[in-house]
Amino acid sequence: ITSIETDAWGKLWVAVFSRGLYHLDVDQWKAKQIGSPINDLVITDILVDQFTKDKIWLLTTDGVHLIQNKTVKKILPQLKMRCMAIEQDHKGNIWIATNKGAYLVSENRVIHFNSQNGFTDDVVNEIYRDVEDNIWLGTDGSGIYKFNDDYVTFDESQGLNGKIVMTIAKGPRPGEIWMGSYSGISVYRNKKVTKIAMPSMNEISSHINFLYTDRKK
């Protein structure tokens, strides 16, 4: 298994190397029927499009691929760097995290966000869309950027645990956003970032690579 994702409707999707793409239907795994083979692709992230039926975006070790009308094709040849994560905003635009900044893919254009336009050239490890339709981008060295028509940055001076942010997730309380770094967990609450005490002082325990909020929160 190279990727596990949940779509906007709560359906679980899994990519299995040399086997293809599967989704969980009630209690049974069903293979995604595709005319073109994807078994040789190493899929690292999955995004089911919320605006177009039967359209699935795949991040792979060979770039970005798109499944539509039961066929798969490689797209966005300008993305020659490694793709890390993918998300869709409320306008239907696609955000792609790479090892050198991030890309915004709209119907009419592709924008590369980097140091030349106020962003960063660092690796972007995570992209998260919150309930207010803000896009959060966790970077490998520049903290977090929150985007909604403009940037707001969060780093250690605003209470973030560390500059290397690996994961971002919905918190257990309304309006909370949790952020995992190599220095522990921080929470965004009431427009402020604060640190969360860890149960262990062991340095390895503070390396947070993944956060997920289940139904029970």
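As a reminder, the structure under discussion sits directly above these lines.
Reading guide: rules and limits
Residues numbered from 1 in each chain as written. Predicted model: local features only at pLDDT ≥ 70, side-chain atom pairs only at ≥ 80, totals over all residues. Heavy atoms only, no water. Pairing = 2+ DSSP bridges. Helix = DSSP H or I, 4+ residues; strand = E, 2+ residues; numbered from the N terminus. Axes fitted to C-alpha atoms, helices over the stretch in contact; angles between N-to-C directions. Polar contact = N/O pair within 3.5 Å; in protein donor to acceptor, adjacent residues only side chain to side chain. Contact = heavy atoms within 4.5 Å. Salt bridge = Lys/Arg side-chain N within 4 Å of Asp/Glu carboxyl O. Phe/Tyr/Trp six-rings, centres within 6.5 Å; stacked < 30°, edge-to-face > 60°. Buried < 20%, exposed > 50% of the residue type's maximum accessible area, 1.4 Å probe, protein only.

Engineer: In this structure, what is going on with the sheet that holds strand β15 (residues 144-147)? I would like to understand it.
Structural biologist: To summarise the sheet geometry, strands pair through backbone hydrogen bonds and adopt either a parallel or an antiparallel arrangement. The sheet built from four strands is open, its strands ordered β13-β14-β15-β16 with antiparallel pairing. This sheet does not close on itself; its edge strands, each paired only once, are β13 (124-129) and β16 (151-154). Each strand axis lies, on average, 20° off the axis of its neighbour in the sheet, ignoring direction. Sheet topology places β15 next to β16; four bridges connect them, and they run antiparallel. From the neighbouring strand, Y145 faces β16, where its bridge partner is T153.

Engineer: How should I be thinking about the side chain of S181 in this particular structure?
Structural biologist: Tracing the backbone shows S181 in strand β18 (residues 177-181). Here the side chain of S181 touches S183 through a polar contact of 3.0 Å, landing on its backbone nitrogen. The residues contacting S181, other than those within four sequence positions of it, are N161, G162, I164, V165, M166, S206, H207 and I208.

Engineer: I'm lost on the environment of M166 in this one. Help?
Structural biologist: Along the polypeptide, M166 turns up in strand β17 (residues 165-170). Sequence spacing of M166 and E126 is 40 residues, and the spatial spacing of their C-alpha atoms is 6.3 Å. Setting aside chain neighbours within four positions, we find M166 in contact with N125, E126, D140, G180, S181, Y182, I208 and N209.

Engineer: So what exactly am I meant to see when it comes to the sheet that holds strand β2 (residues 12-16) here?
Structural biologist: On the basis of which strands lie adjacent, the open sheet formed by four strands has the order β1-β2-β3-β4 and antiparallel pairing. Across the chains shown, the open sheet's two edge strands, defined by having one partner strand only, are β1 (3-6) and β4 (28-31). Adjacent strand axes in the sheet meet at a mean angle of 25° when their direction is disregarded. Where strand β3 (residues 20-25) and β4 come together, four bridges link them in antiparallel fashion. Following the sheet pairing, D25 is matched in β4 by Q28.

Engineer: Could you clarify how one ought to interpret the pattern of salt bridges in this entry?
Structural biologist: Side chains carrying opposite charge are able to pair once their charged atoms draw close together. Per the stated rule, a full pass over the model turns up five salt bridges. In this structure, K74 engages D62 in a salt bridge whose closest nitrogen and oxygen atoms are separated by 3.3 Å. Of this pair, K74 sits in strand β8 (residues 71-75) while D62 is found in the loop between β6 (55-60) and β7 (63-68), placing the two residues 12 residues apart along the sequence.

Engineer: Sorry, what's going on with the packing of aromatic side chains here?
Structural biologist: Remark: the centre distance and the inter-plane angle together describe each pair of aromatic rings, the angle taken between the planes. A full pass over the atoms with the stated rule returns 12 aromatic pairs. Residues F113 and F147 carry aromatic rings whose centres are separated by 5.8 Å and whose planes lie at 50° to one another, so their mutual orientation is tilted. Residue F113 is found in strand β12 (residues 110-113), and its partner F147 is found in strand β15; the two are separated by 34 residues along the sequence. With respect to class, F113 is no different from F147; both count as buried. Judged by centre distance (4.9 Å) and plane angle (65°), the rings of W136 and Y188 are edge-to-face. Taken as a pair, W136 in strand β14 (residues 135-139) and Y188 in strand β19 (residues 184-189) lie far apart in primary sequence, 52 residues in all. You'll find W136 and Y188 in the same group, each marked buried. Taken together, the ring pairs in this structure connect W95, F113, F119, Y145, F147 and Y151 into an aromatic cluster.

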